[in-house]
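What follows is each chain in one-letter form.
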Amino acid sequence: MGWSSNCDVEMTRTLLSESDFIAGFHAIGEERYHHKHPFHLLMHEGKLTRGQLQAWALNRYYYQSRIPIKDAAILARSEDADFRRNWRKRILDHDGDGTRPGGIEKWLCLVEATGLSREAALSGEGILPATCYAVQAYVEFVSTRPLLEAVASSLTELFAGTLIALRLDALRRHYPWLSSGLDYFTGRLTQAPEDADFALTWVVKHARTRQEQDQAHAALRAKCDILWAQLDALYFAYVNPGWPPPGAFKPQIFQSEGQSR
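In every chain, residue numbers begin from 1 and rise along the written sequence. In view of the model being predicted, local features appear only for residues whose pLDDT reaches at least 70, and side-chain atom pairs are presented and counted only at 80 or more, with totals across whole chains, interfaces and linings using the full set of residues. The basis for the side-chain values is all heavy atoms of the structure; hydrogens and waters are excluded.

1. With respect to the packing of helix α4 (residues 50–76) against helix α5 (residues 81–95)
Alright, step 1. Where α4 meets α5, the axes come as close as 9 Å, and the angle between the chain directions of the two elements is 165°. The angle between α4 and α5 falls in the class roughly antiparallel. The way α4 lies across α5 gives a crossing that is left-handed. The segment α4 lies against α5, with Gln 64, Ile 67, Pro 68, Lys 70, Asp 71, Ala 72, Ile 74 and Leu 75 engaging Phe 83, Arg 84, Trp 87, Arg 88, Arg 90, Ile 91, His 94 and Asp 95.
Alright, step 2. Residue polarity is assigned by list, with Asp, Glu, Lys and Arg as charged and Ala, Val, Leu, Ile, Met, Phe, Trp, Tyr, Cys and Pro as nonpolar; anything else, Gly included, falls into the polar class. Class assignment of the residues belonging to the contact of α4 with α5 gives a composition of 8 nonpolar, 2 polar and 6 charged. Comment: axis = line fitted to C-alpha atoms, over the contacting stretch for helices; angle = value between 0 and 180 degrees taken between N-to-C directions. Only runs of H or I of at least four residues qualify as helices and only runs of E of at least two qualify as strands under DSSP, and these elements are numbered from the N terminus. We call two directions roughly parallel when the angle between them is under 35 degrees, roughly antiparallel when it is over 145, roughly perpendicular when it lies between 65 and 115, and oblique otherwise. Handedness of a helix crossing follows the sense of rotation of the near helix relative to the far helix, less than a right angle counterclockwise being left-handed and clockwise being right-handed. Any two residues whose heavy atoms approach within 4.5 Å at even a single point are treated as in contact.

2. With respect to the side chain of Arg 188
Alright, step 1. Within the fold, Arg 188 resides in helix α11 (residues 183–206).
Alright, step 2. One polar contact links Arg 188 to Gln 191, side chain to side chain, over a distance of 3.1 Å.
Alright, step 3. Once residues within four sequence positions are removed from consideration, Arg 188 is found in contact with His 94, Glu 157, Ile 164, Pro 193 and Asp 195. Under the rule applied, a polar contact is a pair of N or O atoms within 3.5 Å (in protein, one hydrogen donor and one hydrogen acceptor; residues adjacent in sequence only if both atoms are side-chain atoms).

3. Overview of the environment of Thr 186
Alright, step 1. Topologically, Thr 186 is positioned in helix α11.
Alright, step 2. Once residues within four sequence positions are removed from consideration, Thr 186 is found in contact with Leu 168 and Arg 172.

4. Some details on the packing of aromatic side chains
Alright, step 1. A pair of aromatic rings is counted whenever rings of Phe, Tyr or Trp (Trp by its six-membered ring) have centres within 6.5 Å, and the orientation is called stacked for planes under 30 degrees apart, edge-to-face for over 60 and tilted otherwise. With the rule as written, the count across this model stands at 15 aromatic pairs.
Alright, step 2. Judged by centre distance (5.4 Å) and plane angle (55°), the ring pair of Tyr 33 and Phe 159 falls under tilted. Here Phe 159 lies in helix α10 (residues 157–174) and Tyr 33 lies in the loop between α2 (18–32) and α3 (38–44), a separation of 126 residues in the sequence. For the pair formed by Tyr 33 and Phe 159, the shared burial category is buried.
Alright, step 3. On the basis of an interplanar angle of 85° and a centroid distance of 5.9 Å, the ring pair of Phe 236 and Trp 243 is categorised as edge-to-face.
Alright, step 4. Put simply, a charge is over a ring when the Lys NZ or the Arg CZ is close to the ring centre, within 6 Å, and near the line of the ring normal, within 35 degrees. Positioned above the aromatic ring of Trp 177 is the side chain of Arg 50, whose terminal nitrogen or guanidinium carbon lies 3.9 Å from the ring centre. The rule is simple: take the accessible area with a 1.4 Å probe, protein chains only, and divide by the maximum for that residue type; under 20% is buried, over 50% is exposed, in between is partly exposed.

Structure (C-alpha cells):
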C-alpha cells in the first residue's frame, strides 16, 4: 500500500519543462544568494573597516583554497571523459598551470592588499570555526551526494558575474588601497559564466525525473546556505555584536568606513 501510494504521488509530479527547471535555479539565486547578506551590503556601501575586510579576506581564503579540492572530488567521480576534460579547467583556474597565477595566488595578493601577510592566510590560523565547518560541509557534500547534486551545487556561478561586477566597482570606489589585489575578480568575470554555462547544460541534460530536478534545486539551496553561513559568522564576529571566538583573528582598531590609508 505504501509503495503504491508513493509511486502514484511520484507519477502525478510532472517533469518541469527545461525553461521552468532553469527558472527555478534563478529564483533560488534571487532569494538565497549571498549578494543580499548584510555583510556584503556593508561592503558595497563602503562601510566596512580595514580590519573587517582583513577578516573577510582571511576567512574567504580558506574557502578559495578548498575550491580545487572540491572540484577534484567531483572530477574523480565521473566516468565521462568529456565531462572530466571540461571540469578540470576549474582546477587550473584556481591552482594555476605553473606559468600563470591561478585564483588562489590572486586571492593571496588580495590578502596582502588588505595589509596582512600571505603567511597569515596560508597558516590557517585565526580562521573562524564556523568558516571551517561550512567549507568542510561543502567538500563533504560534493564528495558524498549524487554527482547530479554535486554539479548542481556549483550553479551559484550563475549569479556570481553580477555580484563580482558590483563588488569590483564598490571596492575600487570605496577602498582604493585594495586596487593591487583585485585581479581575482577580473578573472572571474569571464571564468564564472563559462563554468556556469557548462554545469547548467549538464544538469539540465542529466536531471531526467522530477525527483532529480527537485534534488538539483535543493543542492543549489544547500550551497547558498553554506555561503550565507560563512558571512553570518563574519558578521557576528566582526560587525555585530563583534565577538570573535577564542583563537580567531583580531583586527587592529581602524576608523570606520574602511578609509584607513
